[in-house]
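Read off the chains here:
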Amino acid sequence: MSLHADAARVLKEWPAPSAEQERLRLAYLDHLAAHQDGMWKPCAQGHLTASALVIDPVGGRVLLTLHRKLEMWLQMGGHCEPEDASLADAALREAREESGIAEGLTLLPGGPVRLDRHHTPCAVHLDVQYAALAPEGAVAAISDESLDLRWFAYDEVPGVADASVARLVDGARALL
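Definitions and limits used
Residues numbered from 1 in each chain as written. Predicted model: local features only at pLDDT ≥ 70, side-chain atom pairs only at ≥ 80, totals over all residues. Heavy atoms only, no water. Pairing = 2+ DSSP bridges. Helix = DSSP H or I, 4+ residues; strand = E, 2+ residues; numbered from the N terminus. Phe/Tyr/Trp six-rings, centres within 6.5 Å; stacked < 30°, edge-to-face > 60°. Buried < 20%, exposed > 50% of the residue type's maximum accessible area, 1.4 Å probe, protein only. Lys NZ or Arg CZ within 6 Å of the ring centre and 35° of its normal.

A look at the pairing of strand β6 (residues 114-119)
Here is step 1 of the chain: In the sheet, β6 pairs with strand β7 (residues 124-133) via six bridges, with the strands oriented antiparallel. Within β7, the position partnered with His118 by the bridge is His125.
Here is step 2 of the chain: Linking β6 back to β7 in an antiparallel pair, the connection comprises four residues.

Notes on the packing of aromatic side chains
Here is step 1 of the chain: In this structure the tally under the stated criterion is one aromatic pair.
Here is step 2 of the chain: Consider the rings of Trp73 and Phe152, whose centres lie 5.0 Å apart with planes at 80 degrees: the pair is edge-to-face. Residue Trp73 is located in strand β3 (residues 73-74), and its partner Phe152 is located in strand β8 (residues 146-153); the two are separated by 79 residues in the primary sequence. Of the two residues, Trp73 and Phe152, neither departs from the other in class, the shared state being buried.
Here is step 3 of the chain: Above the face of the Trp151 ring, Arg61 is positioned so that its terminal group lies 4.1 Å from the ring centre.

Right, dumping it as structure tokens:
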């Protein structure tokens, strides 16, 4: 199955938790139907991206990266790559690469947590957001894509990150 087909399947099957999320889900499906290249960075009308919020449920905290280009605290994530077999694989790859936690990260079962459409300086990102559970005692290591990498208690996130990240934390916590 192609990554495009996998993304369409995931979005068709995903039970949106709100009317706003349902509108985004349908918009993402429309985008994929209209753009065979809708998974890839060169798509001029925007493209799907995959991200994962790394969570330490035992410690009650999340790992955020200070994004090098955007200079914002964000969850791990980015563009899909040709070697990604699925949207979930892309999110988990990004989480491993950007967190430095190479072993033991697992996605929270049940598929995506949220969808978030946002504009970057170069394109519109149609982000499919997952949550990744960190193994107990996980040690993070900063990547070249980050200015900083830091664990934050759940209640600290609204003070350091934008509302989309806070909503992702809330959504992931509701599923734990």
